[in-house]
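Spelled out, the chains give:
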Amino acid sequence: MTASILDSVEESKYKKVTDLNPQEEIAPGSALCAGCGGLEGMRLAMKVLGEDTLICNAAGCFTLISVYPFTPLKGSWLYTSMSGPVPAAQGARDALDIRMAKHGLDQKENMQVMVVAGDGATYDMGLSPTSAAIHRNLDFIYFCYDNEAYGNTGFQQSGSSPLGSYTMTSPSTLDHPAGSERSKKDLFGIWMAHNPPYLATVSPREPIDLSNKFKKAKDMKGPRLFICLSPCPTGWGFDPKETHLIAKLAVDTGIFPIKEFVNGKVIHTKRPRKRLPVEKYLERQKRFKHLFEPERRDDIIAQIQNNVDTYWEQYDE
Amino acid sequence: MLRIRLHGRGGQGIKTASQILGTAAHLAGFQAQDFPLYGAERRGAPITAYARVSKNIVLERGAIAQPDILLIGDETLLSDPLASVTEGTESSTLIFINSRHPSPDLKKHYQLESLPVQLDISGLCQKYIQKPMILSTALAAVGVRLMGHIGLHHLLKAIRDELGQERLSADQLANNLKLAEEAFQKVPSFDLEFRKFDDGFSASHLVVLERRPPVDSVPVIFATGNMALRKTGNWRTHRPVIHYEECNGCAICYARCPEGDIRMDANEKPVIDYDHCKGCLICATECPKHAIEIIREVASWN
Amino acid sequence: MELTKNKQMMLTGNKAAAWGARLAGVDYVPAFPITPQTEIVETLSQWFADGHMNGKFTNMDSEHSMFMAAGAAAATGVRVFTASSSQGILYGLEALQTIAGWRVPLVLVNVSRALATPITLEPDHNDVLSLRDTGILQLHAETCQEVLDYILMAYRIAEDPEVCLPVLVNLDGFYLSFTREPVILPDEAEVRKFLPLFKPSQPVFQASQPMARASAVFGGGNYSYFKIQHHLAAQNVLTIYKKVAQEFGERFGRFYDAVERYRLDDAEYVFVMSNSFATKGKAAVQHLRKNGIKAGLLKLSLLRPFPSEIIGEALDHRSKVAVIDQNLAPGMGGIIYPEILKAVYRREDRPEHLLSVIGGLGGRDIQEGDFISILQRLDQDPGDDPLFLFDEKDLKQFDQLRQIAGFSREARVS
Ligand SMILES: Cc1ncc(C[n+]2csc(CCOP(=O)(O)OP(=O)(O)O)c2C)c(N)n1
Ligand code: SF4
Ligand code: SF4
Ligand code: SF4
Ligand SMILES: [Mg+2]
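Residues numbered from 1 in each chain as written. Chains lettered and ligands numbered in written order. Predicted model: local features only at pLDDT ≥ 70, side-chain atom pairs only at ≥ 80, totals over all residues. Heavy atoms only, no water.

(A) Quick peek at the site of ligand 4. The environment of ligand 4 is made up of 13 residues, and the closest members are Cys257, Cys277, Cys280, Leu281 and Cys283 of chain B. Of the residues contributing to the shell around ligand 4, the split by class is 9 nonpolar, 1 polar and 3 charged. (Near = heavy atom within 4 Å. Nonpolar A, V, L, I, M, F, W, Y, C, P; charged D, E, K, R; others polar.)

Take a look at the structure:
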């Protein structure tokens, strides 16, 4: 990006929530749970991206965004399969480019091609197709709503399920007190290693930060990748009204760093000034209940805390 | 056979209620079957569950079109035409409604063919387990009692069996058993007769489909944004109500509503779309001025 | 390479497939390599790079991705070609089933290769027949010429406004893929008259045409509607195929029926075969005829939709019929055999004897002697069990291998 473009980007930045596009790009009425954090993230993203978007979707909760004969979108939608949305985006992107170059399709007919996929589809089954697409420099936006498990099938463990979380396939037992025994994959790191032009984490609790990142990405080319931590009342076990509180605690405890990767550098766009202890986040969710009851598992909590501290040590000034 | 249909919302324990019913019947020596029907909807949307109790082998599967007993856990469903709660009922169908309204009022208000059985089991749930809308135990207890033929001890054993599989503490289990006992005692028993369907079968009217053009042969939707036709307002158990005199127009509620159900009007005041608001209550929680009140939906027709 | 009018050249089946795509004016090729298909994608990649083909060639990361990209591109309005084989078909099966339901036109080539386990290279048809029930249409080629011609016809069928379905053209690995024989390259201008450049007949993705496609459908009745429509569209291809084949024949002088009736008219014995081994069957028929035995061959070309009526009619009054399946469904037998039974069952003049034969697995040759054995079995009551083409030589050779592998009579299991 040239300096002058950067300047104009700076000027047109969102500063307060009333700057957001007042149009809703996703109509209400969908079958998603009340209080779904991922939907809030996608809603804010679509406000920036607008209707000239083709969404290629992976199997997951968000497949229920369009159930025949209904769609909440003003733009286009293609349901694919669990590991199919990225290659579908490739096919659609290639086809649009071919039609514009070879068949005289008007540039006005062009669309932003976007993938919407859950963490299971992203961290696990779809990892290799996505790696390949980034490597091919596919011009697309990837929106991963990360609810840290296979949600649509009833909340089973995925490569994104965090250490110490209970899922339907990683229960906490005497022999396996932690539930999920491994830290979640560092998807940001994995994607970053591909050196994409743009990569960011976003939180539904930070609409301004989120909107500015999508705005920046919208005008770029190549793979632009987003991980949206998506508090999930149903799977995580908290009251739907607390979705934003949980999202905020994820940031304030430092568990979920809000950052972006541009021009080879990681920048934390929202830094918790003083990190809260992780248990402030954990104790409000049923999936971590076994870390506190019947007795406190200080060992596991300390391990989670330690992981967070170790992460931030790299960036402490 | 006795056919029981249960209505509620995802997250209210309706499926577990049907399983307690099934297990209780099984323990009492009957042939039994239970099953839930999930739609595409996630938590909050209407769901239905079924139980069949028979002296002989159950040669039926799937949804129950004509129930002998209808157990309605969530009264708000009755005013939602899409939930089709009373479909397939006759004057002989025994209807139970979880409500604070007296039975004759319910009959009149919902235009039911017969007097329903009424009990405020949410109140009981609040008393024993402090969760007014976790209805599994209470609704099953009511069902067992209405039906008759099954003793309290079988009901309690079934609750222990079924809830034992969830992560409940000993105290919670004990409270559930007390809850079941009270609910069981508070409704009358009808000792229903086991019904036989003997009105024969008639052939279905099969049609020969005509071939339609390809575009009409795949799930394609051109009516963009038509999702709004689905009125998810019926999911709500609680209603957020804005007190405008306390609102400063900061638009936080608008920014935070995942459904996009709040818009800012010309005077920069938020307006809630109650046709679609699912009642997550995020707006009320997030409002910095505490200008949004939470009101329970159930008493909406007083 | 310059194209002159109706030039005849020595081409492999793979090259003929590549020429089919080139002459069809394909816009887009997503690709992933697998033996014995590689020559197709290598050739196309070269042609795109050299500018002989205009559009885009994209190296994908798997067949699943490749078929998904192919389907999405077709849904976005370009002419798509792709190719695979064997394990690649299986790896892409979910995507193939998915895009068939999208009702998008495209052409894919399968170069048949037997399936693991054991992993091997030579052909049989378990790979392509695993797509039997996907609703993807199938044309099976006997010669390199057919490969090219079928691809051109396949685009016409796939893109017919009444159809909009993927069409698969099958050729045998090695026996066709790497075998060179003279192939007539039709004149490009003539091809363009037969197959104009692509113009989508249904709405495709673009900004002015927003739509949701392939959304979830709940309720068995609703689901049934789409499935039945898919069937009706596929069935209707029986009519469309005839029209397209007729037009192709008139323009290029080569006529392809849904089946080929080779010396069937007065035949007493009939071999039902498909793909490249049908050539061997024809040789056997000639040989038998020289020896006074009235033999004939029915070659299956259009496998989906299944031309039941045409097959039934072709086999009327043919008393002894052997269905040679180059595939095996363990626990059942041949895959095509029951389909032929379906075609003849309700016909008054159906064959007396219908024998199921399994041969050519993993590319095992079918020799003249095998055809004699089949005749002998046909003269008896053939029974219901399949006849396996596996002879003493095969057994002896295999036993030598297992000796080397360390098996002996005393081999222990634990
Ligand atoms: C190939 C394949 N395997 C399994 C499934 C079943 N399935 C559907 S949705 C889903 C969960 C997806 O999890 P995630 O990507 O995290 O999305 P979420 O459901 O949490 O929104 C699974 C496993 C599938 N659709 N396809
Ligand atoms: S299960 Fe979680 S992620 Fe899925 S729709 Fe519900 S709240 Fe959203
Ligand atoms: S958040 Fe509260 S104060 Fe702000 S606009 Fe909404 S109701 Fe008014
Ligand atoms: S309760 Fe508030 S935040 Fe939740 S859906 Fe309704 S209006 Fe939106
Ligand atoms: Mg998930």
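(B) Examining the packing of aromatic side chains more closely. Under the defined criterion, the tally for this structure stands at 24 aromatic pairs over all chains. Here the aromatic rings of Phe35 of chain B and Tyr50 of chain B are separated by 5.2 Å at their centres, their planes lie at 20°, and the arrangement is stacked. Note that Phe35 of chain B is positioned in strand S2 (residues 31-37) and Tyr50 of chain B in strand S3 (residues 46-54), a separation of 15 residues in sequence. Owing to a relative accessible area of 24%, Phe35 of chain B belongs among the partly exposed residues under this scheme. For Tyr50 of chain B, a relative accessible area of 6% gives the class buried. Plain terms: the ring middles of Tyr150 of chain C and Tyr256 of chain C are 5.2 Å apart, the flat faces sit at 70° to each other, and that makes the pair edge-to-face. Separated by 106 residues along the polypeptide, Tyr150 of chain C in helix H7 (residues 144-159) and Tyr256 of chain C in the loop between helix H9 (220-252) and strand S10 (259-262) bring together distant segments of the chain. Of the two residues, Tyr150 of chain C and Tyr256 of chain C, both sit in the buried class. Ring pairing ties together the aromatic residues Tyr150, Phe194, Phe248, Phe252 and Tyr256 of chain C, which thus form one cluster. The ring centre of Phe184 of chain B lies 4.8 Å from the NZ or CZ of Arg145 of chain B, which sits over that ring. Across from the ring centre of Trp47 of chain C, 4.6 Å away, lies the NZ or CZ of Arg22 of chain C, which sits over that ring. (Phe/Tyr/Trp six-rings, centres within 6.5 Å; stacked < 30°, edge-to-face > 60°. Helix = DSSP H or I, 4+ residues; strand = E, 2+ residues; numbered from the N terminus. Buried < 20%, exposed > 50% of the residue type's maximum accessible area, 1.4 Å probe, protein only. Lys NZ or Arg CZ within 6 Å of the ring centre and 35° of its normal.)

(C) Geometry of the coordination of the magnesium ion (ligand 5). Surrounding the magnesium ion (ligand 5) are the protein donor atoms Asp119 of chain A (OD), Asn147 of chain A (OD1) and Ala149 of chain A (O), at 1.9 to 2.1 Å. Read from N- to C-terminus, the donor residues coordinating the magnesium ion (ligand 5) fall into the pattern D-x27-N-x1-A. (Donors = N, O, S within 2.8 Å, 3.2 Å for Na, K, Ca; no water.)

(D) Inspection of the sheet that holds strand S6 (residues 117-119) of chain B at higher detail. All names here are of chain B. The 6 strands are arranged S2-S3-S1-S4-S5-S6 in an open sheet whose pairing can be described as mixed. Strand pairing shows two members of the sheet lacking a second neighbour, S2 and S6, which therefore form its edges. Across the sheet, the mean angle from the axis of one strand to that of its neighbour is 15°, orientation sign disregarded. Pairing of strand S1 (residues 2-9) with strand S4 (residues 69-72), which is carried by 4 bridges, proceeds in the parallel orientation. Residue pairing in the sheet places Leu6 in a bridge with Leu71 of S4. Its contacts with the sheet place helix H1 (residues 14-27) against S1, S2, S3 and S4, and it is angled at close to 5° to S3. Against the sheet, helix H4 (residues 136-147) touches S1, S3, S4, strand S5 (94-98) and S6, its axis set at about 155° to S4. (Pairing = 2+ DSSP bridges. Axes fitted to C-alpha atoms, helices over the stretch in contact; angles between N-to-C directions. Contact = heavy atoms within 4.5 Å.)

(E) Looking closely at the interface of chain B and chain A. Taken together, the contacts link 38 residues of chain B with 53 residues of chain A. Linking chain B with chain A are 1 salt bridge, by the criterion used here. One salt bridge connects Glu286 of chain B with Arg205 of chain A, and the closest N-O pair in it is separated by 3.7 Å. Here chain B is connected to chain A by 18 residue pairs in polar contact (both at pLDDT 80 or more). Sorting the residues of the side of chain B that touches chain A by element identifies strand S7 (220-221), helix H7 (252-256) and helix H8 (282-286) of chain B as the ones contributing at least two each. The element best represented in the side of chain B that touches chain A is H7 of chain B, accounting for 4 residues. Among the residues forming the side of chain B that touches chain A, the class breakdown is 20 nonpolar, 7 polar and 11 charged. (Salt bridge = Lys/Arg side-chain N within 4 Å of Asp/Glu carboxyl O. Polar contact = N/O pair within 3.5 Å; in protein donor to acceptor, adjacent residues only side chain to side chain.)

(F) Summary view of the pattern of salt bridges. Tallying each qualifying case throughout the model produces 59 salt bridges over all chains. With its nearest N and O atoms 2.7 Å apart, the salt bridge here joins Glu60 of chain B to Arg52 of chain B. The salt bridge partner of Lys282 of chain C is Glu260 of chain C, with a shortest N-O separation of 3.0 Å. Of this pair, Lys282 of chain C sits in helix H10 (residues 277-290) while Glu260 of chain C sits in strand S10; the two residues are 22 residues apart in sequence, bridging distant segments of the chain.

(G) The arrangement of the site of ligand 3 in detail. Ligand 3 sits among Cys247, Asn248, Gly249, Cys250, Ala251, Ile252, Cys253, Pro270, Cys287, Pro288, Lys289 and Ile292 of chain B. In the shell around ligand 3, the residues fall into 9 nonpolar, 2 polar and 1 charged.

(H) Local environment of the domain arrangement of chain C. All names here are of chain C. Split into domains, chain C comes out as domain 1 (7-202 + 213-252) and domain 2 (259-386). Taking only C-alpha atoms into account, the centre of domain 1 sits 27 Å from that of domain 2. Listed by partner, the interface residues are 28 residues for domain 1 and 29 residues for domain 2. Around 2,200 Å² of area is buried between domain 1 and domain 2 when both sides are counted, 52% of it from carbon and sulfur atoms. (Domains from an automatic or database assignment. Buried area = accessible area lost by both parts, 1.4 Å probe.)

(I) Up close: the pairing of strand S15 (residues 353-358) of chain C. All names here are of chain C. Burial analysis of S15 places 6 of its 6 residues in the buried class, which makes it a mostly covered element. On S15, burial covers both faces: His353, Leu355 and Val357 on one face and Leu354, Ser356 and Ile358 on the other are all buried. With helix H12 (residues 337-345) bridging strand S14 (residues 320-325) and its parallel neighbour S15, the resulting β-α-β unit is right-handed. Pairing of S15 with strand S16 (residues 387-388) involves 2 bridges; the strand directions are parallel. Pairing of Ile358 across the sheet is with Phe388, part of S16. (Right-handed = clockwise from strand over helix to strand, strands pointing away.)

(J) Quick peek at the interface of chain A and chain C. Of the residues lining the interface, 40 residues belong to chain A; the matching set on chain C comes to 39 residues. Approximately 2,900 Å² of surface area, both sides summed, lies buried where chain A meets chain C, with 62% of it carried by carbon and sulfur atoms. Between chain A and chain C we count 3 salt bridges in total. Taking the shortest distance from any N to any O, the salt bridge between Arg136 of chain A and Asp61 of chain C comes out at 3.2 Å. Inspection of the region where chain A meets chain C yields 22 residue pairs in polar contact (both at pLDDT 80 or more). Contributing elements (two or more residues each) for the side of chain A that touches chain C: strand S2 (76-79), helix H3 (85-102) and helix H5 (127-135) of chain A. Among the residues forming the side of chain A that touches chain C, the class breakdown is 18 nonpolar, 14 polar and 8 charged.

(K) Representation of the packing of helix H3 (residues 63-75) of chain C against helix H5 (residues 93-102) of chain C. All names here are of chain C. With their axes 8 Å apart at the nearest point, H3 and H5 run at an angle of 10° to one another. Looking at the two axes, H3 sits roughly parallel to H5. For the pair H3 and H5, contact is made by His64, Phe67, Met68, Gly71 and Ala72 and by Glu94, Ala95, Leu96, Thr98, Ile99 and Trp102, respectively. (Parallel < 35°, antiparallel > 145°, perpendicular 65-115°, else oblique.)

(L) Structural detail: the nonpolar core. One finds Phe140, Tyr142 and Trp191 of chain A together with Leu298, Leu300, Ile311 and Ile340 of chain C to be the most contacted residues of the largest nonpolar core, which totals 87 residues. In terms of residues, this core owes the most to one element, H3 of chain C, which gives 9 residues. Counting the residues that make up this core, at least three belong to each of domain 1 (7-202 + 213-252) and domain 2 (259-386) of chain C. Setting aside anything within four residues of it in sequence, one finds Ile311 of chain C in contact with Val259, Leu298, Leu300, Phe306, Ile340 and Ala343 of chain C. Val111, Ile151, Leu171 and Phe248 of chain C belong to the second-largest nonpolar core, a separate cluster that totals 61 residues. (Core = buried A, V, L, I, M, F, W, Y, C linked by side-chain atoms within 4.5 Å.)

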